Amino acid sequence: MLPMLSRLVLRYHRLIGLVAVLPVLLWGLSGLSHPILTRLQPQPAAMTPPPSLLAAVPVALRAGLPSLSALLEGQGVTQVESARLMQWKGRPVWQLTLPAVAERRYVDAQSGAVLDGLDRELAVMLARHYTGEATREIASVTLVSEFSDDYLYVNRLLPVWRVEFAGGDRLRAFVETSPLRLATLDNTLKSRFGMVFRNLHSWMFIGNEALRDALMTVFLLAAFGSALGGLWLYGHFLRRAAVGERARPARRWHRRIGVVAAVGALMFSGSAMLHLWLLDKSRHEAAPWPRRGEALPAAALTLAPAQLPMAEGESLQLLAVDGAPVWRLSPPARAMVGKTAHGG
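Bear in mind the structure is a predicted one, so any value in this text is a computation, not a measurement. (Residues numbered from 1 in each chain as written. Predicted model: local features only at pLDDT ≥ 70, side-chain atom pairs only at ≥ 80, totals over all residues. Heavy atoms only, no water.)

### Description of the overall build of the protein chain
- A count of helical and extended segments in the protein chain gives nine helices and twelve strands.
- The 344 residues of the protein chain split such that 40% are buried.
- Expressed as a percentage of contacts within the protein chain between residues at least 6 apart in sequence, the contacts between residues at least 24 apart total 60%.
- Roughly 18800 Å² of accessible area belongs to the protein chain as shown, and the carbon and sulfur atoms make up 63% of that amount. (Helix = DSSP H or I, 4+ residues; strand = E, 2+ residues; numbered from the N terminus. Buried < 20%, exposed > 50% of the residue type's maximum accessible area, 1.4 Å probe, protein only. Contact = heavy atoms within 4.5 Å. Areas by Shrake-Rupley, 256 points an atom, 1.4 Å probe, with all protein chains shown as cover.)

### A few points about the pattern of salt bridges
- Evaluation of the coordinates by the stated rule reveals ten salt bridges.
- A salt bridge links Lys-89 to Glu-121, with the shortest nitrogen-to-oxygen separation between them at 3.3 Å. Highlighted residues: Lys-89 in the loop between strand S2 (82-88) and strand S3 (91-97) and Glu-121 in helix H5 (residues 118-131), separated in sequence by 32 residues.
- Its relative accessible area of 37% is what places Glu-121 among the partly exposed residues.
- Among the ionic pairs, Asp-150 bridges to Arg-162, the shortest N-O distance being 2.6 Å. On the criterion of sequence distance, the pair formed by Asp-150 in the loop between strand S5 (138-144) and strand S6 (160-165) and Arg-162 in strand S6 is long-range, its members being twelve residues apart.
- Arg-162 sits in the buried class, given a relative accessible area of 11%.
- Look at the salt bridges and you will find they share partners, linking Asp-150, Arg-162, Glu-164, Arg-170, Arg-172 and Asp-186 into a network. (Salt bridge = Lys/Arg side-chain N within 4 Å of Asp/Glu carboxyl O.)

### Focus: the packing of aromatic side chains
- Tallied over the entire structure, the rule returns eight aromatic pairs.
- Aromatic side chains Tyr-151 and Phe-174 sit 4.9 Å apart centroid to centroid with 25° between the ring planes, which places their arrangement in the stacked category. Of this pair, Tyr-151 sits in the loop between S5 and S6 while Phe-174 is found in strand S7 (residues 172-176), placing the two residues 23 residues apart along the sequence. You'll find Tyr-151 and Phe-174 in the same group, each marked buried.
- Connected via pairs of aromatic rings, a cluster forms that spans Trp-27, Trp-203, Phe-205, Phe-219 and Phe-268. (Phe/Tyr/Trp six-rings, centres within 6.5 Å; stacked < 30°, edge-to-face > 60°.)

### Here we look at the sheet that holds S5
- Strand order in the open sheet made by the four strands is S5-S6-S7-S8, with antiparallel pairing throughout. In this open sheet, the two edge strands, each paired with only one partner strand, are S5 and strand S8 (181-186). Going across the sheet, the axis of each strand differs from the next one's by a mean of 20°, ignoring polarity.
- Here four bridges tie S6 to S7, and the two strands are oriented antiparallel to one another. Counterpart to Arg-162 in the pairing with S7 is Phe-174. (Pairing = 2+ DSSP bridges. Axes fitted to C-alpha atoms, helices over the stretch in contact; angles between N-to-C directions.)

Nothing here speaks to function; it is all geometry.
What follows is the structure, encoded as structure tokens:
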């Protein structure tokens, strides 16, 4: 039985290896190209938001500010997901995130006036800050609410603003205005090389996902089978004296290198099949926006900023937690740490 199996493996080992070699080479090239892709990634000029946007509203300005419910009365805003009190050109401003609305709304915290276009202006300011391009002309500014070949799912954040600068490199900054962060930077060279990488690694040139996964599975099984067959043959011939053609140095080295390569090929193809079969691809279709988070009735937000136990220098943010308004008070330097106060 074993000799018959060995003859069968010997007969088809090379054929299966030839079937698997081209896809494996493509995946190997994509692996080698990944460090290059990382090097081509434009580097941000800053890693934190502009200090002026993190500066808290002084206590003296907060003292006379009305509640959000009073400011939003008559504006047609019935629900609020979150809000942040910020300074803009020396004035206190509320930045509001509304349910299923991609563009943030800005309201003067003193007069209640709606500041149209401020989200776009803020996005441009953030793009210049993170790229270091203080004077370069802006080619276009676009609000992005879904993933695409230009803005990939791997970036995760939505909605974001796409700010493209003028010039041959087509430098693009994708920024989120709340919480004032950079999603990614891109340019022509990086995007083209990224397309090459995705075609080599993920076979994006095959549009049908089911067909793409099936073909990948066939080639991965071929690679796994070829590696397994090579190890079987090595063990089979190891017990026999090397005579004739098998005694030639080239054949001996083929067996030695083949054992090392086979072990690597088994791990590579096995892990690749697990990744291919177990990855939940449905999440790529379900964009994280519009969010299905909690929203607060605007009429219930009756607490004025002066009523909160805030110290000088503390920033103020409103969140919805279990259907109730929670005010987060924190110093700008500790944006993720702060005390909370419940209430409208």
